Amino acid sequence: MKSVVVTGANRGIGLELVKQLLDSGYRVYATYRSEKGGLEDITNQNLSLHKMDVRDSAGIEELSNSIEGKIDLLVNNAGVADGRWQSISEIDMQHALEVIEINSIAPVLITQKLLNQMSDDSTIVMMSSLMGSISDCMSGRSYAYRASKTALNMFSIAMKNELQQSGISILILHPGWVATDMGGPNATVSPEQSVSGMIERIDEHNLSMSGRYVQYDGTPIEW
Ligand SMILES: NC(=O)c1ccc[n+]([C@@H]2O[C@H](COP(=O)([O-])OP(=O)(O)OC[C@H]3O[C@@H](n4cnc5c(N)ncnc54)[C@H](OP(=O)(O)O)[C@@H]3O)[C@@H](O)[C@H]2O)c1
């Protein structure tokens, strides 16, 4: 049975990933920061829950110790929006640093701590965003969120080059504009639709595709 770690799994895209990956036959290690949320309603012997802030090294090490055998798939999903600042003068630097720590640094920290449990054919999914695309940035705003996802993309590509020899691949995904707490009610894609598309991308993925940056439906995204 394949094993997967999903961060930020108590609501939104993470929760839907847990449901669909369980249905696909994975052993799922799901992490949540404080509230178990929708994870409490799932009864499945292949699901383990772990309380963990993605910035906390000790918590990640506890998770690592609880995982038996190989990690086939790591989904770095947890993320936060910023203040959607419209102007440079409005940027709250402390908040900006927090967004960058959660969205860019934490996925690297988690990868670092779990890497020795991954090997040939393991895949690391980085939940990026279209908003990390420099060529798509026509409007400005959301300064820290955009920058955090662009930084995540570059961390991912640099990692891809190093991990190629170990047979570990990287998949950088944009889930679409998804109706979650972050995406809001006007979003055009349901969590079910986004996640089933992303699982198709994961299933078709292989080492020769490592480092691709695609939307949930497979549409490539310009850097
Ligand atoms: N929704 C969209 O339209 C959209 C578009 C592009 C990209 N994305 C990306 O997709 C991912 C999931 O987004 P979503 O829409 O599902 O967002 P969401 O509904 O706001 O859920 C965010 C998840 O991340 C967790 N999280 C945040 N900070 C954390 C921390 N420090 N430690 C542990 N967990 C933390 C949250 O936990 P708590 O419940 O404890 O806060 C929650 O489980 C994010 O990386 C986001 O940037 C979303």
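Residues numbered from 1 in each chain as written. Predicted model: local features only at pLDDT ≥ 70, side-chain atom pairs only at ≥ 80, totals over all residues.

## Observations regarding the overall build of the protein chain
In step 1: Broken down by element type, the protein chain carries five helices and seven strands.
In step 2: When its helices and strands are written in sequence order, the protein chain yields β-α-β-β-α-β-α-β-α-β-α-β.
In step 3: A globule of 223 residues ought to have a C-alpha radius of gyration of about 17 Å, and the protein chain, at 16 Å, matches this closely.
In step 4: For the protein chain, the spread of C-alpha atoms along the three principal axes comes to 50 × 40 × 35 Å.
In step 5: Classification of the 223 residues of the protein chain by burial places 39% in the buried group.
In step 6: Long-range contacts, defined here as pairs at least 24 residues apart, represent 66% of the contacts in the protein chain between residues at least 6 apart. (Helix = DSSP H or I, 4+ residues; strand = E, 2+ residues; numbered from the N terminus. Rg over C-alpha atoms; globule rule 2.2 N^0.38 Å. Buried ≥ 20, exposed ≤ 12 C-beta atoms within 10 Å, placed from the backbone. Contact = placed C-beta atoms within 7 Å.)

## A look at the packing of helix H3 (residues 93-114) against helix H4 (residues 143-163)
In step 1: The interhelical angle for the contact between H3 and H4, taken along N-to-C directions, is 20°, at an axis separation of 8 Å. The angle between the axes of H3 and H4 places the two elements in the roughly parallel class. Where H3 crosses over H4, the handedness of that crossing is right-handed. Taken together, the residues of H4 that come into contact with H3 (itself represented by His95, Ala96, Val99, Ile100, Asn103, Ser104, Pro107, Val108 and Thr111) are Tyr143, Ala144, Tyr145, Ala147, Ser148, Lys149, Ala151, Leu152, Phe155 and Met159.
In step 2: Looking at the contact of H3 with H4 residue by residue, the classes come out as 13 nonpolar, five polar and one charged. (Axes fitted to C-alpha atoms, helices over the stretch in contact; angles between N-to-C directions. Parallel < 35°, antiparallel > 145°, perpendicular 65-115°, else oblique. Left-handed = near helix turned anticlockwise from the far one by under 90°. Nonpolar A, V, L, I, M, F, W, Y, C, P; charged D, E, K, R; others polar.)

## Observations regarding the nonpolar core
In step 1: If you look at the biggest cluster of nonpolar residues, it comprises 45 residues, and the most contacted ones within it are Val6, Val18, Leu74, Val75 and Val125.
In step 2: The dominant element in this core, judged by the number of residues it contributes, is helix H1 (residues 12-23), at five residues.
In step 3: For Val75, the residues in contact, after removing those within four places along its chain, are Val4, Val5, Val6, Thr7, Leu17, Val125 and Met127. (Core = buried A, V, L, I, M, F, W, Y, C linked by C-beta atoms within 7 Å.)

## With respect to the packing of helix H2 (residues 57-66) against H3
Helices that pack against each other are described as a pair by the angle of their axes relative to one another and the distance between those axes.
In step 1: At their nearest, the axes of H2 and H3 sit 10 Å apart, and the two run at 40° to each other. Classified by the interaxial angle, the pair formed by H2 and H3 is oblique. Every pair of crossing elements has a handedness; the one defined by H2 and H3 is right-handed. Along the contact surface, H2 presents Ser57, Ile60, Glu61 and Ser64, while H3 presents Leu109, Ile110, Lys113 and Leu114.
In step 2: For the contact of H2 with H3, a count of residues per class yields four nonpolar, two polar and two charged.

## Concerning the site of the ligand
In step 1: The immediate surroundings of the ligand are formed by 28 residues, with Gly8, Gly12, Arg33, Gly79 and Gly183 found nearest.
In step 2: Looking at which element gives the most residues to the shell around the ligand, the answer is H1, with three residues.
In step 3: Each residue belonging to the shell around the ligand can be placed in one class, and the counts come to 11 nonpolar, 11 polar and six charged. (Near = placed C-beta within 6 Å.)

## Digging into the sheet that holds strand S6 (residues 169-174)
In step 1: An order of S3-S2-S1-S4-S5-S6-S7 is seen for the seven strands of this open sheet, with the pairing classed as parallel. The open sheet has two free edges, formed respectively by strand S3 (47-51) and strand S7 (212-215), since each of these has just one partner strand. Strand-to-strand twist across the sheet, computed as the mean angle between neighbouring axes with direction ignored, equals 20°.
In step 2: Pairing geometry for strand S4 (residues 73-76) and strand S5 (residues 123-127), over four bridges, is parallel. Across the sheet, residue Asn76 finds its bridge partner in S5, namely Met126.
In step 3: Seen against the sheet, H1 touches strand S1 (3-6), strand S2 (27-32), S3 and S4 and runs at an angle of roughly 170° to S1. (Pairing = 2+ DSSP bridges.)

What is shown is where atoms sit, not what they do.
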